[in-house]
Structures are given as structure tokens and as C-alpha cells.
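Next come the chains, spelled out residue by residue.
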Amino acid sequence: MADAAGEHTMGHVVAVIGAGPAGLFAARALAAQGARVLLLNRDVKPGGLAEYGIFLDKYKMKTGLRRQFQKILTDPRVTYVGNVTVANGGSLTVAELRELGFDALVFAIGAQGTKYLGIEGERLPGVYHAKDLVYHYNRLPPFSEQSFPIGRRVAIVGVGNVMVDIANYCVHFTDCDAVIAVARRGPFEKAYDDREFEDVEDAFDRDLYRQEIARIRPRLEAAGQDPDELLRALGQRPEPETRTRARLSFRFLASPRRVLEEGGRVTGLEIEETRLERKGDRISAVGTGETSVIPADTVVFAVGDRVDPAAGLPYKDGLYLTVPGDEAAGAYQVWDPETQRPMDDVYVVGWARRASDGVVGRARLDAETGIKHVVARLATKPPRPGAEAERVVASVTDMLKARGVPAVPYADVARIEAVERDRARTLGVEEFKFASNREMLDVLRG
Ligand SMILES: Cc1cc2nc3c(=O)[nH]c(=O)nc-3n(C[C@H](O)[C@H](O)[C@H](O)COP(=O)(O)OP(=O)(O)OC[C@H]3O[C@@H](n4cnc5c(N)ncnc54)[C@H](O)[C@@H]3O)c2cc1C
């Protein structure tokens, strides 16, 4: 694997934690600068949300990304180890990794925490947070092994691209009758892309939309918005050729207050009506005090995520701390609030730096920008002989072995994927994924 790193080469050795798009592109950028990279990943397989988030039938996009990732993962300077969690109580801790002699640690672990709104009923059965459901239907263990029943009427809180994906899943892959997307603000503040919405156009109920615009017309006009603009735009959109049975509608100007239940079963989402208030460039929603109930038996919160506080990096309000007030290198460097100093050589990139921020291209750009700062810092440190870099990498794999962690190198991921491709061919389906780590590890045991 690591030949380039043999006795006669000199360089730096960096651990990248997390092998989603940000971690993979960070590894590529580091390797291109001659660094030796150890890539540690919680999931057995690499890819992060590119593998377990991007919608089920976007095969072309996923295949293209997998191809790029494969190139990175077979670079002799990069050693991938899956099924390894770096966290308090994980396979390794941040403190342990810092002791092992890496020149830098780059955390690209995404946004694995949940953003709770703090409303009653948010943790009832039948109430999901989008990421968990997305991981479930994309078959990421252990979510793939848990049950996420979807009822007849699904209220999705949020109006971004993730809402569109969840609606897509509900109307095309489950038995639901109705999906209602709930927004605190109005139709002009929607956050999803129209291109993405095309995937659910066949479920979108235009009559209900017109009725909803009529209902909120006075409040839009009071905020200086023109409802007729929305109706004209609707009229210009081509009608879909086919229709799903399930209907998708919107409930605008509605702020979730609590999830209602009877006998432990979800019966609806209580909302407070809002009106729009312009503050400079921003339009915000202000509660009117009037409440009503959206009947629903399933509620999904698609309101973005937070980073995982248990990872062991300094954390506050859903984010890891980076150097305050520094827009350049410090924006990527982790800040230790106890010592009031940057944490030496510890960085964050991608969604770990800015939770739920944008598409793969943006995560890649963020990783590449972060790595420019890491490389500038490495240039101030003496390079090490290749053999020493190898010893640092081996110290981690040895530690994992000693702890009995069933770590999965990339060659083994490739074996698992080959078996999955065979299974897909046999079943005559586009894609097959094992739903549990146990099944994946069984393949390796033969
Ligand atoms: C539902 C959904 C649909 C999307 N659809 C699209 C789309 O169609 N097109 C598009 O371009 N973008 C899409 N995106 C956005 C895209 O997935 C993200 O921009 C991108 O994946 C973020 O990359 P990341 O590497 O920062 O984080 P992630 O992709 O989340 O990767 C994080 C990685 O870190 C690992 N990890 C987590 N915790 C630890 C730990 N403690 N120790 C070790 N490893 C850890 C995980 O196993 C994972 O591999 C979608 C996102 C979502 C949520």
C-alpha cells in the first residue's frame, strides 16, 4: 500500500477522520502535496452522505462519485480503515490520536448530531429526524436494521432539498396518502431547488397549492410579496405526464408547537400561525398566537443537523469551536475554550465545520480550502522519513487490532462491494446493499 512512503521518502503524516466527500477530497489534496494519509471512517464503507444520503435512484450521480472516491482510496499514499469511530467511548478517542505523532488531524465527520426544536412530542414513536430516515432508506447500518414505519399522512417540517427527498421517498416508496410540507415562513422563502422539486412534481397537488396561496394572501401582501407571481410561475410549469396516488401539499406560515398523540400514537402536529416581518434583507416569521392542528400520523423534522457532541472536539450550540473571529486559517482550526488557544494541528472541514451546508461540491471546496491551510502549517514543520510515517500509521492499526476492533481496510470494502454487485445482478436490481455490518463482516470471513 504505502510504498511511496518507503525508507527514502520524506513527508508529513496526517490522519483524516471521516470518509465522506469532505474527508475523501481532503485526503486527495493532502496526498497530492506528498503527505501520507490515514483515513479513519465510522461506517464500513466510504462515501458518507454521498453513499447514504443522495437519493435512492440517483444512480448516475452516485456511480460518478464512487468512481472518483475509488481513485483516491487506491492511491498508495492513502490508507483507508472503515468501521472505526473516533469519539468518546469509540474505537479511539481524539486525545489518543493526538498522542500518536500525526503532524495534523483533520476531522471531516459530518453533522451526526440531531437538531431538536425542543417541542413536546418530538421523541415519540412515529416522529423522525430526517437524517435517521435518510440513513435508513439508503441502508446505512444500524439505521437500516431499525424500523421506520411511515403512516398515511406525513407532515414534514422544513422546505429544503432534504424535505423534497423525504417527500420523494414517502410518495414513491411507501403507502402513504398525503405528505404536507410545513414551513415557518412563506413560499418565497422556500429553500429547495426547483430542479430537485421536479422529482416530486407528479405528487404535487396544484389545487391545494392555489388554495394555500389564497389562504395566506393577506399575510404575503402585508409583507410586500406578490402572491400572483407564485400563481403565474405555477402556470408556467409543465404538468407531469403521470400522477402518484399520494398527494404533496404545503402548509406555509406555520411554526410547530408540539406533536400530538393519543395512546402513544401520533395524531397531528400543532402549529402556531405566523406572519412575515421584514428585517433589513431578511424575512422572519413571527407567531400570531393563533394555533391549529395538521392531522398526521407521522412527523419528520427536516430542519438540518448539528455536529456530534460525543466526538470529543470542543463543542457549542451545534458546532465545533474554531478560532473566533478568524476568517482564514483559523476558521478551520479547532479552538480550545479551556486554554483559550487554537488546538495545535487539529482542523475541521466540510459538514463537520458547517453543519448541513450545501451539496457535495461545496463540501469538496471546503475540504480543499481547509487543506490549503493545513499544508501551509505543515510547511513550517520538518518532514519525516517515510519509515517513520509508516510507523505512525501502523501504531493506529495495531492499537485497533489490540482492542479487537473489526477494522475494514479498503481492499475488504472492495470485496464486500463485489459481492453486493453480484447479488444485485442475481436479483435483477440496480443496486444491492447489505443492511448490517454483521453481513458485511461475514463476507470477509468467507
Ligand atoms: C438527504 C440528503 C440528500 C443529499 N443529496 C445530495 C445530492 O443529491 N447531491 C449533492 O451534491 N449533495 C447532496 N447532499 C449533500 C451531501 O451529501 C453533503 O454535501 C456531503 O455529503 C457532506 O460531506 P461531509 O464529508 O462533510 O459529511 P458526510 O457525507 O456526512 O460524511 C461524514 C463521514 O464521517 C464519518 N464519521 C462520522 N462520525 C465519525 C466519527 N466519530 N469517527 C469516524 N468517522 C466518522 C461517517 O461515517 C461519514 O463517512 C445530500 C445530503 C442529504 C442529507
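The model shown is predicted, which means the values in this text are computed figures rather than measured ones. (Residues numbered from 1 in each chain as written. Predicted model: local features only at pLDDT ≥ 70, side-chain atom pairs only at ≥ 80, totals over all residues. Heavy atoms only, no water.)

J.: Could you give an account of the overall build of the protein chain, naming the residues involved and the relevant values?
T.: Across its full length, the protein chain holds 13 helices and 21 strands. Here the C-alpha atoms of the protein chain give a radius of gyration of 24 Å, agreeing with the 22 Å that 2.2 N^0.38 yields for 446 residues. Seen along its three principal axes, the alpha-carbon backbone of the protein chain occupies a region of about 75 × 55 × 45 Å. Counting all 446 residues of the protein chain, 52% fall into the buried class. (Helix = DSSP H or I, 4+ residues; strand = E, 2+ residues; numbered from the N terminus. Rg over C-alpha atoms; globule rule 2.2 N^0.38 Å. Buried < 20%, exposed > 50% of the residue type's maximum accessible area, 1.4 Å probe, protein only.)

J.: I'd love a proper account of the pairing of strand 18 (residues 333-336), names of residues and values included.
T.: Pairing of strand 18 with strand 19 (residues 341-348) involves three bridges; the strand directions are antiparallel. In the sheet register, Asp336 faces strand 19, and the bridge partner there is Arg341. Hairpin connection from strand 18 to strand 19: four residues lie between these consecutive antiparallel strands, with Gln340 at a positive phi of about 60°. (Pairing = 2+ DSSP bridges.)

J.: Account for the site of the ligand, with residues named and values stated.
T.: Near the ligand lie 32 residues; those nearest to it are Asn41, Asp43, Leu49, Trp351 and Gly358. A distance of 2.8 Å separates an oxygen atom of the ligand from a polar atom in the side chain of Asn41. One of the side-chain nitrogen or oxygen atoms of Asp43 is found 2.7 Å away from an oxygen atom of the ligand. Protein contacts shield 94% of the accessible area of the ligand, which totals 1,000 Å² for the unbound molecule. Looking at the shell around the ligand, the elements that each hand over two or more residues are helix 1 (21-32), helix 2 (49-52), helix 6 (161-173) and helix 10 (360-378). (Near = heavy atom within 4 Å. Polar contact = N/O pair within 3.5 Å; in protein donor to acceptor, adjacent residues only side chain to side chain. Areas by Shrake-Rupley, 256 points an atom, 1.4 Å probe, with all protein chains shown as cover.)

J.: Tell me what's going on with the layout of surface pockets, and back it up with residues and numbers.
T.: Looking at the second largest pocket, its volume works out to about 670 Å³. Considering the residues around the second largest pocket, the lining is formed by 26 residues, among which Thr63, Arg66, Glu417, Arg421 and Glu431 are closest to the centre. Secondary structure elements with two or more residues in the lining of the second largest pocket: helix 2, helix 3 (59-73) and helix 12 (410-427). For the lining of the second largest pocket, the element with the highest residue contribution is helix 3, accounting for nine residues. A per-class count over the lining of the second largest pocket returns 11 nonpolar, three polar and 12 charged. (1 Å grid on protein atoms, 1.4 Å probe; cavity = no way out; pocket = protein on both sides within 12 Å on 5 of 7 lines; lining within 4 Å. Points joined across faces, edges and corners; volume = space filled by probe spheres on them. Nonpolar A, V, L, I, M, F, W, Y, C, P; charged D, E, K, R; others polar.)

J.: Tell me about the environment of Thr244, residues and numbers included.
T.: Checked against the element boundaries, Thr244 lands in the loop between helix 9 (227-236) and strand 10 (247-251). Each C-alpha atom of the pair Thr244 and Tyr315 lies 44 Å from the other, and the pair is 71 residues apart in sequence. For Thr244, the contacting residues outside a window of four places in its chain are Val171, His172, Asp202 and Ala203. Side-chain polar atoms of Thr244 contact the backbone oxygen of Ala246, separated by 2.7 Å. (Contact = heavy atoms within 4.5 Å.)

J.: Before we move on, can you summarise the pattern of salt bridges with the specific residues and values?
T.: For the structure shown, the criterion picks out 44 salt bridges. Linking Arg215 and Glu273 is a salt bridge whose minimum nitrogen-to-oxygen distance equals 3.4 Å. In this pair, Arg215 sits in helix 8 (residues 206-222) while Glu273 sits in strand 12 (residues 265-279), placing the two residues 58 residues apart along the sequence. The buried category is assigned to Glu273, whose relative accessible area is 3%. Here Glu277 ties to Lys279 by a salt bridge, and the two come within 4.0 Å at their closest N and O atoms. A relative accessible area of 26% places Glu277 in the partly exposed class. (Salt bridge = Lys/Arg side-chain N within 4 Å of Asp/Glu carboxyl O.)

Keep in mind that these numbers describe shape and distance, not what the molecule does.
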